[in-house]
Amino acid sequence: KLRKEMQLELKAIQRRLGITFIYVTHDQEEAMTMSDRIAVFNQGRIEQLGAPAEIYEHPRTGFVADFIGSANVLSARLIDSSGGRLKLRLEDELDVELSGVSSSAAVGELLEVAIRPERVCVHYDQPPALANGTVRLSAALKESVYLGNSSQVYLSPFSKSGKTLLSVSLGVHPQEGGRPAGSPVWADIKPRDILLLEPKSDA
């Protein structure tokens, strides 16, 4: 509580003095609270520089996506890039088409995408029909963690991999409590919420 009060006090001092502050922190929420611009460093190099909203909504790399907030960073194989759209296969599980994005990758190449946990819609009962290009993953409930004002839900797809594919952030739904691990669930994802990340580079 004292730390949050000090954040507001520092912002007030900065506005009153009218000078630039450089504030170094490992606390992502604090960086978002304090900053007009954020420089995300990775091993001594700036990974991305921008306004808090830009960094959160349009992370360039998997490191930035998972460091600012949290993100599901998934592998995505490029299946087709014709007609001004990219067709990707996420984790060899789910095909999705993205519009308004481009990539210099070759067909068959493995890329990465990020999906914010709060952008995934989970259905515990038979879901309604899909609309507007939304894609759906059939999965099993692996774990549900109650956090007071929200819940964190972990899902594993019904597949050979058995890996935890998605972490989902939900508002509290008391009526959904007590569902055992392994219960079937459905995860809906809108293509506009799938963020194509830049390829990893040592440059």
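Just so it is clear, the structure is predicted and the values come from calculations on it, not from any experiment.

## A word on the overall build of the chain
Helix and strand counts for the chain stand at 4 helices and 12 strands. Counting only C-alpha atoms and orienting by the principal axes, one finds that the chain spans roughly 55 × 45 × 30 Å. Across the 203 residues that make up the chain, the buried fraction comes to 36%. Contacts spanning at least 24 positions in sequence make up 54% of the contacts within the chain whose residues lie at least 6 apart. Accessible surface, the chain as shown: approximately 12300 Å² in total, 51% of it carbon and sulfur. With 23 positive and 26 negative side-chain charges, the chain shows a spacing of 2 Å between the two charge centroids.

## Some details on the sheet that holds strand S12 (residues 195-196)
In any sheet, the strands associate via hydrogen bonds between backbone groups, in a parallel or an antiparallel arrangement. The 5 strands are arranged S5-S4-S3-S6-S12 in an open sheet whose pairing can be described as antiparallel. Each end of this open sheet is capped by a strand with a single partner; those strands are strand S5 (94-99) and S12. Relative to S12, strand S6 (residues 110-115) runs antiparallel, the two being bridged by 2 bridges. Bridge assignment links Val113 to a residue of S12, and that residue is Leu196.

## What about the pairing of S5?
Only one face of S5 is buried: it carries Leu94, Val96 and Leu98, and the other face, with Asp95, Glu97 and Ser99, is open. Pairing analysis gives 6 bridges linking strand S4 (residues 85-90) to S5, with the strands arranged antiparallel. Considered in S5, the bridge of Lys87 is made with Glu97. What sits between the antiparallel neighbours S4 and S5 is a turn of 3 residues, in which Glu91 has the positive phi angle 50°.

## Describing the nonpolar core
Counting residues in each nonpolar core, the largest one holds 30 residues, and the members touching the most others are Leu88, Leu90, Leu155, Leu166, Val168 and Ile194. When contributions to this core are tallied by element, the ones reaching two or more residues are strand S3 (72-80), S4, S5, S6, strand S8 (135-146), strand S9 (150-157), strand S10 (166-171) and strand S11 (184-189). Examining the composition of this core, we find that 4 residues originate from one element, S8, more than from any other. Setting aside anything within four residues of it in sequence, one finds Ile194 in contact with Leu90, Val96, Leu98, Val113, Ala114, Ile115 and Ile189.

## Looking at helix H1 (residues 2-17)
One turn of the α-helix equals 3.6 residues, which is why residues spaced by three or four share an orientation. If you check H1, its first and last C-alpha atoms are 22 Å apart, about what 16 residues at 1.5 Å a residue would give, namely 22 Å. One or two residues past the end of H1 sits Gly18, with phi positive at roughly 70°.

## Observations regarding the pattern of salt bridges
Side chains that differ in sign of charge can pair as their charged atoms come close. Tallied over the full model, the rule gives 7 salt bridges. Among the ionic pairs, Glu97 bridges to Arg85, the shortest N-O distance being 3.3 Å. With Glu97 in strand S5 and Arg85 in strand S4, the pair connects residues that are 12 residues apart, well separated along the chain.

## Notes on the environment of Ser104
Examined against the element boundaries, Ser104 turns out to sit in the loop between S5 and S6. For Ser104, a relative accessible area of 80% corresponds to the exposed category. On a C-alpha basis, the gap between Ser104 and Pro128 in space is 36 Å, while along the polypeptide they are 24 residues apart.

Rules and cut-offs
- Residues numbered from 1 in each chain as written.
- Predicted model: local features only at pLDDT ≥ 70, side-chain atom pairs only at ≥ 80, totals over all residues.
- Heavy atoms only, no water.
- Helix = DSSP H or I, 4+ residues; strand = E, 2+ residues; numbered from the N terminus.
- Buried < 20%, exposed > 50% of the residue type's maximum accessible area, 1.4 Å probe, protein only.
- Contact = heavy atoms within 4.5 Å.
- Areas by Shrake-Rupley, 256 points an atom, 1.4 Å probe, with all protein chains shown as cover.
- Lys, Arg positive; Asp, Glu negative; His and termini not counted.
- Charge placed at Lys NZ, Arg CZ, Asp CG, Glu CD.
- Pairing = 2+ DSSP bridges.
- Core = buried A, V, L, I, M, F, W, Y, C linked by side-chain atoms within 4.5 Å.
- Expected span 1.5 Å × (residues − 1).
- Salt bridge = Lys/Arg side-chain N within 4 Å of Asp/Glu carboxyl O.

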